[in-house]
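What follows is each chain in one-letter form.
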There are 2 protein chains.
Amino acid sequence: MTVSDMAPKRGKPRKEMDSEEDGDEYRKKRDRNNMAVKRSRQKSKIKTAETMHRVNTLKSENTILQEKVKTLTKELGFLKELFLAHAGNSADKSKFEDVDLQQLLGEDTPSSDAMK
Amino acid sequence: MTVSDMAPKRGKPRKEMDSEEDGDEYRKKRDRNNMAVKRSRQKSKIKTAETMHRVNTLKSENTILQEKVKTLTKELGFLKELFLAHAGNSADKSKFEDVDLQQLLGEDTPSSDAMK
DNA sequence: TACCATTGCGCAATCC
DNA sequence: TGGATTGCGCAATGGT
């Protein structure tokens, strides 16, 4: 079985293609290409491994960040409840910007107990 | 150039290896293997593409989560400052659990303006 | 034109 | 027994 027996090729069954006279030149060329192929494949494997590692790293970071968001959200909810509870008898909170405060209290905070 | 010319082989230069008598059986086996190889490589390519996509998805999620953490941290810092400002003249905050509150106020909050 | 890198493909060994 | 993987070489092709 010869590799050259493969169908999808041009009319070049035997002998030199362009220059190479079947001998050492051809062999050298093949050897160099084989080395190049090895380098290329090695490189590709490393890249694949790095990608896999990247996925794992990102998954970990993601998990940590999600936990952090959950914790912060819970804390924020707690503090907001505290504020709302004081909303009635507060007359001195005017030291701070009321607008931003109100906006803050209305934001993304599902009354703390909504979290597990 | 014959594939069989490769050096790292056993002393089996020609003729049947085990059973195959060089003919149709061998050819059928080769063809089936070639198909299997194609399937395997196709599968591997798909897996690689999926992994790449996974990396991009995770990177996006990560960015969003980091922004969320930053926002929440900033808000928390703001509310905590508000609390601390009231710390002096507060006598009615006793409605809530003081311990947890104190703990909360001391946590992970770099006085809001520490953020860009 | 020469050269290295990539890639599709087949073979054979090996894994399962 | 047989498909799935994998290492390897060949040749075509892409990119300088």
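Residues numbered from 1 in each chain as written. Chains lettered and ligands numbered in written order. Predicted model: local features only at pLDDT ≥ 70, side-chain atom pairs only at ≥ 80, totals over all residues. Heavy atoms only, no water.

The name an unreviewed UniProt entry assigns to chain A is Ccaat/enhancer binding protein, from the organism Holotrichia oblita.

(A) The protein's contact with DNA strand C, seen in detail. Taken together, 21 residues sit near DNA strand C, with A:Arg39, A:Ser40, B:Tyr26, B:Asn34 and B:Arg41 positioned nearest. Protein-proximal atoms of DNA strand C, defined as those within 4 Å of the protein, fall in sugar or phosphate at a share of 63%. Contact between DNA strand C and A:Asn33: a base oxygen at 3.1 Å from a side-chain N or O atom of the residue. B:Tyr26 places a side-chain nitrogen or oxygen 2.4 Å from a phosphate oxygen of DNA strand C. Mapped onto the surface near DNA strand C, the elements with two or more residues apiece are helix 1 (24-86) of chain A together with helix 1 (24-86) of chain B. (Near = heavy atom within 4 Å. Polar contact = N/O pair within 3.5 Å; in protein donor to acceptor, adjacent residues only side chain to side chain. Helix = DSSP H or I, 4+ residues; strand = E, 2+ residues; numbered from the N terminus.)

(B) How the structure looks around the side chain of A:Thr51. Its location among the elements puts A:Thr51 in helix 1. Overall, A:Thr51 belongs to the buried group, its relative accessible area being 17%. Contacts of A:Thr51, omitting those with residues within four sequence positions, involve B:Thr51, B:Met52 and B:Val55. (Buried < 20%, exposed > 50% of the residue type's maximum accessible area, 1.4 Å probe, protein only. Contact = heavy atoms within 4.5 Å.)

(C) Quick peek at the environment of A:Arg30. All names here are of chain A. With respect to the helices and strands, Arg30 occurs in helix 1. As a C-alpha pair, Arg30 and Glu81 span 51 residues in sequence and 75 Å in three-dimensional space. A polar contact of 2.9 Å, which involves the side chain of Arg30, links it to the side chain of Asn33.

(D) Structural view of the confidence of the model for chain A. Residues and elements named next belong to chain A. Of all residues in chain A, 55% have pLDDT values of 70 or greater, and the mean over the chain is 72. Every residue in residues 1-20 is under pLDDT 50, and counting partners more than four places away or in other chains gives 17 contacts. Across residues 109-116, confidence stays below pLDDT 50; counting only partners more than four residues off in sequence or on other chains, it has 15 contacts. (pLDDT = per-residue confidence, 0-100.)

(E) Main features of the nonpolar core. Core analysis: the biggest nonpolar cluster contains 16 residues, and A:Leu79 and B:Leu79 have the highest contact counts within it. Broken down by secondary-structure element, the contributors of at least two residues to this core are helix 1 of chain A together with helix 1 of chain B. (Core = buried A, V, L, I, M, F, W, Y, C linked by side-chain atoms within 4.5 Å.)

(F) The arrangement of the environment of B:Asn62 in detail. When you line up the elements, B:Asn62 lands in helix 1. Between the alpha carbons of B:Asn62 and B:Glu75 there is a distance of 20 Å; along the sequence they are 13 residues apart. Non-local contacts of B:Asn62, meaning those with residues more than four positions away in its chain, are made with A:Leu58, A:Glu61, A:Asn62 and A:Leu65.

(G) Highlighting the environment of B:Lys80. Residue and element names in this part refer to chain B. Take Lys80: it is sitting in helix 1. When its relative accessible area of 3% is taken as the criterion, Lys80 is described as buried. Between the C-alpha atom of Lys80 and that of Thr63, which follows or precedes it by 17 residues, the distance is 26 Å.

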